[in-house]
Structure formats: structure tokens, C-alpha cells
Amino acid sequence: MALSCGIVGLPNVGKSTIFNALTRSANALAANYPFATIEPNIGEVPVPDDRLKVLAEIFGTTRIVYASTRFVDIAGLVRGASKGEGLGNAFLSHIRETDAIAMVVRCFEDPNVTHVEGAPDPIRDIDIIGIEMALADLATMAKRHERLSREARADVKLRPMLAAADRLIAELEAGRPARVFGPTSLEAELARESFLLTIKPVIYVANVDEGQIGTPGLMAQTVLKRAEEEHGQAIVLSGKIESELAGLSDEEAREFCEELGIARSGLDQLILSAYNTLGLMTFLTAGPKEARAWTVERGSKAPHAAGKIHSDIERGFIRAEVVSYEDYARLRSLDAIRSAGLLRSEGKEYVMQEGDVVEFLFKV
């Protein structure tokens, strides 16, 4: 199963509008009433990568294949979701099946669009979602703690894990997410094993109106500040404008972005943030037939990356011929790269780097 990023938020904050723009589809019903989305909508979204166009130009190929990441549009959450209010139980179970969270909050006033809490307040909305997920995690940890307590009486080796459970529960009771613990900590290990919601990385998405493009208003600024305080990520975008961009050709979309004074659309920023948050990276292959981006987890070694292309290449792996994208873009030919001594031959222990342009050699 591919890694996925769940789009979550209160009802009527623009989740489905953003999802539809991301996937350039109308699969998700965008409507002005709560719970327009019941079953989650899933879409594979290409990851923007201008490097492929450069490689295609160098190799004279017209076929470009982008990497992709998966987004899941999940039903809106309301207060009391952890106790089953609204579509709470279904909502929380759908989040549990994703690997990261894009939390959409509304940062504009509009009397024609109802807000389930009466009026927009993005920090309140973030806190509502955070509290509901923490309450769901507390219920999960109560059962896990009870089981660990029994097992630790018989096996002293489990006592550190029980102590970690105590610390994890204390943070959740204080309204803090499990991700406050370092990723290599015993608490984080326990949280992942227990499939806790609040261990998942979060990207805050401030959905603004057209007037705030390039100059986020006060509500959006509070979201950016919240992300900074948490050492996290935040994206400011306008769901309405992104929907308009999604209906244009690539050239028209570029011209529209230039008119708006933005270098990259908010959705492109969101896709790239989700890709990075999921711990993914890209290596590249290029030749006369196609220029292609391949996805691997950060820290992957060369044989594993080769297996993304074909399992036979991983099994018969001999070595990887590697050039950095920057060197390819600068020198424009493999002969020039060889002459400059920039073609590297890497073995089985080589850890792939972002933007490696690779040819794998293997025995059949």
C-alpha cells in the first residue's frame, strides 16, 4: 500500500474543494453542509518536478513520468468525534489508515458558507481536531497500558515500555500530541505500534480567500505561527483559486500564477510538503524513451531503489552508475560528465540521494 496523506478538518472548510483541485477531478462532493464526504475519496497526485523537463530535453525524449503521492479526502470532524458524534468513529478510523495529515482550516469570512462552530477561528479549529484525536489516543492507550501492566509483572524487560506508556498518557492528558516525543524514543515507538493518531506528522493548510494571495491575513498568520512553534509545516492557499487553476492548461496556469505574483501554486507546495513529510525522496532515470522520477524512502540503499524499477534488477544488482542532477543540468551530456570525472560507480551499500540520475547494472 502506498504511503498516503489524509486531508482532514472540520466540515465546510474546503477539504473536498482542495482534493478536487489536487486530483483535477470532481470525485469528492464539495457542498455547503456538514458531512458532504462520507466515504473517503482517494487520489494519486503527480509530484511537481521541473528536473524531468530538463532531462527530457537533454535526452531528446517527449515522455515524462512523474513520481506520485496519495491523498485521501476524509469526512469532516466535529466536537465529540472521539465519542462518536457526527461521523466521528468513521472519521478517526480513516485517519488511522493514513501516514500523515494535511489539516485544513478556514481563514476567511463568508456569510454564504456556514461554519459548524459559528464563525472561522483556525486556532480553535486546530485545537478541536487535536483534542479529539488525543482523546481517541487516550482510549487506545488505556487498553494498551492495562495489557502492558499485566505483561510487565511477568516480564521485567517490559517495564521500560510500561514507563513510556505512562509518559505518553501524561502528555495526551495534557492535550499534547504523541509526536512531541523524538522519533527514535521509546514513547514514539510505542505510539507507532499502537497506531496512535497524534504520532502522525501534520501539515497545516490555511485556506484563504483571493484577497490574501501573497499577503496572508491575520487568521492565516496565526496558523503559520502555530506551525513555527511546533517546528512543523504550514501552507497558505486559496481553494477557490486552486480550483480555477486546475481547470487550465499548464501554460495558462503558469500565466495565471504570474498575474497573481506567485512562483508556485499552493497545491504544488502542498504536494511537495506531503511528499517530504512522508519521508520520501526521488531518484531519476533518463534515456531516449522516457525521463522518469522514482519514489523511495529516504535512507534507501541502491539495490532497494533498483527494485522500484523491477524486482529482477534488485536480485541481479551489480552496481549503480550515478550522476547528480545538478551535474547533468550543467554539463548536458554523459561524455562531458565522464570527462569531468563526475560519473560515480556505487555498490550495494550506497545510500540514494535526492536527485540522483541513475543507471543500474545487473545480471539476468
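Here the structure is a predicted model, which is why all the values come from computation and not from measurement.

### Observations concerning the overall build of the chain
Looking only at helices and strands, the chain has 14 helices and 12 strands in total. Taken over C-alpha atoms, the radius of gyration comes to 23 Å for the chain, in line with the 21 Å a tight globule of 364 residues would show. For the chain, long-range pairs separated by at least 24 residues make up 68% of all intrachain contacts whose partners lie at least 6 apart in sequence. Accessible surface, the chain as shown: approximately 17600 Å² in total, 52% of it carbon and sulfur. Positive and negative charge centroids in the chain, built from 41 and 53 side chains respectively, lie 7 Å apart.

### Remarks on the nonpolar core
Ile-18, Leu-22, Phe-71, Met-103, Met-133 and Leu-270 are the most contacted members of the largest nonpolar core, which totals 62 residues. Counting residues per element, this core draws most heavily on strand β5 (residues 100-106), at six residues. For Met-103, the contacting residues outside a window of four places in its chain are Val-8, Ile-126, Ile-129, Met-133, Val-202, Ile-203, Tyr-204 and Val-205. Counting residues in hydrophobic clusters, the runner-up holds 18 residues, among them Leu-168, Ala-178, Phe-181 and Ala-191.

### Comments concerning the sheet that holds strand β7 (residues 233-237)
Strand pairs in the sheet, formed through backbone hydrogen bonds, run parallel or antiparallel to each other. With respect to topology, six strands assemble into an open sheet ordered β2-β4-β1-β5-β6-β7, the strand pairing being mixed. Here the strands that pair on one side only, and so sit at the sheet edges, are β2 (41-46) and β7. Here the average twist between neighbouring strands, direction ignored, is 25 degrees. In the sheet, β2 pairs with strand β4 (residues 68-73) via six bridges, with the strands oriented antiparallel. Among the inter-strand pairings, Gly-43 is bridged to a residue of β4, identified as Phe-71. Against the sheet, helix α10 (residues 266-277) contacts β1 (4-8), β2, β4, β5, β6 (202-207) and β7, and its axis sits at roughly 160 degrees relative to β7.

### Things to note about the confidence of the model for the chain
With 91% of its residues at a pLDDT of 70 or more, the chain shows a mean pLDDT of 89. Of the regions scoring below 50 in pLDDT, residues 26-38 engages in 36 contacts with residues more than four places distant in sequence or in other chains.

### Observations regarding the packing of helix α8 (residues 239-246) against helix α9 (residues 250-260)
Two numbers describe how α8 lies on α9: the axes approach to 9 Å, and their chain directions differ by 145 degrees. Where α8 crosses over α9, the two elements pack in a sense that is right-handed. Each of Ile-241, Glu-244 and Leu-245 in α8 lies in contact with α9, whose residues at this interface are Ala-253, Phe-256, Cys-257 and Leu-260. Tallied by class, the residues present in the contact of α8 with α9 amount to six nonpolar, no polar and one charged.

### So, helix α11 (residues 302-309)
Within α11, burial applies to Ala-302, Pro-303, Ala-305 and Ala-306. Around the axis of α11, the buried residues are gathered within 160 degrees of arc, so they sit on the same side.

### Some thoughts on the packing of aromatic side chains
Think of a pair of aromatic rings as described by two things: how far the centres are apart, and how the planes are tilted against each other in angle. Evaluated as defined, the whole model comprises four aromatic pairs. Summarising the aromatic geometry, the rings of Phe-283 and Trp-294 are spaced 6.4 Å apart at their centres and angled 15 degrees between planes, so their arrangement reads as stacked. Placement of Phe-283 in strand β8 (residues 280-286) and of Trp-294 in strand β9 (residues 291-297) is noted, with a sequence separation of 11 residues between them. Judged by relative accessible area, which is 12%, Trp-294 ranks as buried. With centroids separated by 5.9 Å and ring planes inclined at 85 degrees, the aromatic side chains of Phe-283 and Phe-360 adopt a geometry described as edge-to-face. Of this pair, Phe-283 sits in strand β8 while Phe-360 sits in strand β12 (residues 356-362), and the two are 77 residues apart along the sequence. Judged by its relative accessible area of 0%, Phe-283 falls in the buried class.

What counts, and at which threshold
Residues numbered from 1 in each chain as written. Predicted model: local features only at pLDDT ≥ 70, side-chain atom pairs only at ≥ 80, totals over all residues. Heavy atoms only, no water. Helix = DSSP H or I, 4+ residues; strand = E, 2+ residues; numbered from the N terminus. Rg over C-alpha atoms; globule rule 2.2 N^0.38 Å. Contact = heavy atoms within 4.5 Å. Areas by Shrake-Rupley, 256 points an atom, 1.4 Å probe, with all protein chains shown as cover. Lys, Arg positive; Asp, Glu negative; His and termini not counted. Charge placed at Lys NZ, Arg CZ, Asp CG, Glu CD. Core = buried A, V, L, I, M, F, W, Y, C linked by side-chain atoms within 4.5 Å. Buried < 20%, exposed > 50% of the residue type's maximum accessible area, 1.4 Å probe, protein only. Pairing = 2+ DSSP bridges. Axes fitted to C-alpha atoms, helices over the stretch in contact; angles between N-to-C directions. pLDDT = per-residue confidence, 0-100. Left-handed = near helix turned anticlockwise from the far one by under 90°. Nonpolar A, V, L, I, M, F, W, Y, C, P; charged D, E, K, R; others polar. Arc of directions from axis to C-beta. Phe/Tyr/Trp six-rings, centres within 6.5 Å; stacked < 30°, edge-to-face > 60°.

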